[in-house]
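Residue-level structural notes
If you want the building blocks of each chain, they are given just below.
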Amino acid sequence: MIRSVFGESVQGASHIRSGKECQDSLKKVEKDENTVILAVADGHGSDSCPYSKTGSYVAVNVFCKILGDYLATYEGQPELLLTFLNREGDTKVAQAIDAEWKRRILKIHANCKREVVLDADLNKDKGAIYKMYGSTLLGLVITKDFLFAFQLGDGDIVKVSEAGVQNVIEAERILGTETYSLSKDQSWKNAITFVKKEDEVVGRSVMYMLSSDGLANSFKNDDEFKKTCNDYYALLNEHGAKAVSDHLKTWLAETSELGCGDDITALFVYYNQQESK
C-alpha cells in the first residue's frame, strides 16, 4: 500500500474578523515506510487562555516525542509494545504526556518572563499558569503491527474505507463550550485510548483523519460530518492525495466561513494500492 500523509490548519472565519490567531496545531512524523505518528491539538483561545496557541504546539510535539520514544524502546518487539499500550495507554502513557506538557509549559512561561501568578499562600500557582496555555490533544500511531489512538478533549479521529465511516475513538460528547484540557490537574484521567492489532488492509484504500472540533461543529449534525468524511475519501480515491492536499486549505477555510467560524485542522493518512495521482 502507498501511504500519503498531509494536513492543514486554518484560521477560523470569526477569528479572522476579530484578529485572533489560529489556536490549532498539527504535527506528523513519518518514522519509516511502516510507521507514522500524528497529532492535532486545539488551543482553547478564550480570554483566560491567552497563550493556548503555544499550548497546542507543545501538545503535538509532546505526543510525537513520547510515542516516538516508546517505539524506539520497544523496537523489534511489537507484541510487547502492543501489550504495554493496551494495558497502560490511558494510565502511564497519558500520565507521561500530561507531566511532560506541564513541564514544558512552566519552562516556556519562565523563559518568556511572563507574569508569575501566586496562590493564597504566595506560592507559584502552577494551575493558573497551565490554564493560560490550555489545549486539547488528539494522537494516532499507525504501524504495520498495530494502531494506537489517544484523545483528551474534543475533536474527532475517524477511519473511512469501503465499509464506511467509523470513529476510531468513541469520545464522550461534552455539552456546552467546556472541554477536557491538558491544563487541568491530573488531566490524564480524562484521556481515552484505543489499541487495535492491525489486520491486513482489505479493499483498495483506507483513510484516517484527525480533526479539531471546528470541522464537526461546522455541520448541523453528525451525519453531515460523516458525509463530508466520505466525500474526502471519495476525492482521494478519484483524484489522489496531491490534489486533495493542494486544495485542502481552501476547502477548510470555506467550511469555517459557512459553518461555526472556528479554527479548523484536518490531518490525513491515506493508504492506496496505487501510486497517488
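What you see is a predicted model, and the numbers here were worked out from it, not measured in a lab.

**Details of the overall build of the protein**
Each helix and strand counted, the protein has seven helices and 10 strands in total. For 277 residues, the compact-globule estimate of 2.2 N^0.38 gives 19 Å, and the protein sits close to it at 19 Å. Along the longest, intermediate and shortest principal axes, the C-alpha atoms of the protein span 60 × 50 × 30 Å. For the protein, the proportion of its 277 residues judged to be buried stands at 49%. Relative to all contacts within the protein whose residues are 6 or more apart in sequence, the contacts with residues 24 or more apart total 73%. Accessible area for the protein stands at about 13500 Å²; split by element, carbon and sulfur atoms hold 48% of it. Taken as two groups, the 33 positive and 42 negative side-chain charges of the protein have centres that lie 4 Å from each other.

**A closer look at the sheet that holds strand β1 (residues 2–10)**
If you walk across this open sheet you meet the five strands as β1-β10-β9-β6-β7, and the pairing is antiparallel. Two strands close off the open sheet at either side, each with one partner strand: β1 and β7 (164–167). For this sheet the average axis-to-axis angle between neighbouring strands, irrespective of direction, equals 15°. Bridge analysis of strand β6 (residues 156–161) against strand β9 (residues 205–211) gives five bridges, and the strand direction is antiparallel. The partner of V158 across the bridge, within β9, is M209. Packing against the sheet, helix α6 (residues 222–239) makes contact with β1, β6, β7, β9 and β10 (264–272), and its axis sits at approximately 130° to β9. The sheet strands contacting helix α7 (residues 241–258) are β1 and β10, and the helix crosses β1 at an angle near 25°.

**Overview of the packing of helix α2 (residues 52–73) against helix α3 (residues 78–111)**
In the contact formed by α2 and α3, the axes pass within 9 Å of each other and the chain directions differ by 140°. Relative to α3, the element α2 is oriented oblique. α2 and α3 meet at a crossing whose hand is right-handed. Where α2 abuts α3, its residues T54, G55, V58, A59, N61, V62, F63, K65, I66, L67, Y70 and L71 lie against L81, F84, L85, K92, V93, A96, I97, E100, W101, R104, I105 and I108. Residues of the contact of α2 with α3, tallied by class, amount to 17 nonpolar, three polar and four charged.

**Observations concerning the pairing of β10**
For a regular strand, the rule is simple: side chains alternate between the two faces of the sheet. Burial analysis of β10 places nine of its nine residues in the buried class, which makes it a mostly covered element. What you see with β10 is no split at all: I264, A266, F268, Y270 and N272 on one side and T265, L267, V269 and Y271 on the other are buried throughout. The pairing of β1 with β10 spans nine bridges and is classified as antiparallel. From the neighbouring strand, I2 faces β10, where its bridge partner is N272. Pairing between β9 and β10: seven bridges, direction antiparallel. When the sheet's bridge partners are listed, S205 is paired in β10 with N272.

**So, the sheet that holds strand β2 (residues 24–32)**
Across the sheet, which stays open at both edges, the five strands sit in the order β2-β3-β4-β5-β8 with antiparallel pairing between neighbours. At either end of the open sheet lies a strand with only one pairing partner, and these are β2 and β8 (192–197). Going from strand to strand, the sheet's axes swing by 5° on average, the running direction of each strand aside. Those strands touched by α2 are β2, β3 (35–42), β4 (137–142) and β5 (146–152), and its axis lies near 155° from that of β3. Here α3 sits on the sheet and contacts β4, β5 and β8; the angle it forms with β5, its principal contact strand, is near 10°.

**With respect to the confidence of the model for the protein**
Overall, the prediction assigns the protein a mean pLDDT of 92, with 94% of residues at 70 or greater. When pLDDT is averaged over each element of the protein, α2 comes out on top at 98 and helix α1 (residues 13–18) at the bottom at 93.

**Observations concerning the packing of aromatic side chains**
Considering all chains together, one arrives at eight aromatic pairs under this definition. An aromatic cluster is present here, built from F6, Y232, W251 and F268 joined pairwise through their rings. Sitting above the plane of the Y130 ring, K102 keeps its charged end 5.4 Å from the centroid. The residue whose ring lies beneath R114 is Y51, and the NZ or CZ to ring-centre distance is 3.8 Å.

Rules used throughout
Residues numbered from 1 in each chain as written. Predicted model: local features only at pLDDT ≥ 70, side-chain atom pairs only at ≥ 80, totals over all residues. Heavy atoms only, no water. Helix = DSSP H or I, 4+ residues; strand = E, 2+ residues; numbered from the N terminus. Rg over C-alpha atoms; globule rule 2.2 N^0.38 Å. Buried < 20%, exposed > 50% of the residue type's maximum accessible area, 1.4 Å probe, protein only. Contact = heavy atoms within 4.5 Å. Areas by Shrake-Rupley, 256 points an atom, 1.4 Å probe, with all protein chains shown as cover. Lys, Arg positive; Asp, Glu negative; His and termini not counted. Charge placed at Lys NZ, Arg CZ, Asp CG, Glu CD. Pairing = 2+ DSSP bridges. Axes fitted to C-alpha atoms, helices over the stretch in contact; angles between N-to-C directions. Parallel < 35°, antiparallel > 145°, perpendicular 65-115°, else oblique. Left-handed = near helix turned anticlockwise from the far one by under 90°. Nonpolar A, V, L, I, M, F, W, Y, C, P; charged D, E, K, R; others polar. pLDDT = per-residue confidence, 0-100. Phe/Tyr/Trp six-rings, centres within 6.5 Å; stacked < 30°, edge-to-face > 60°. Lys NZ or Arg CZ within 6 Å of the ring centre and 35° of its normal.

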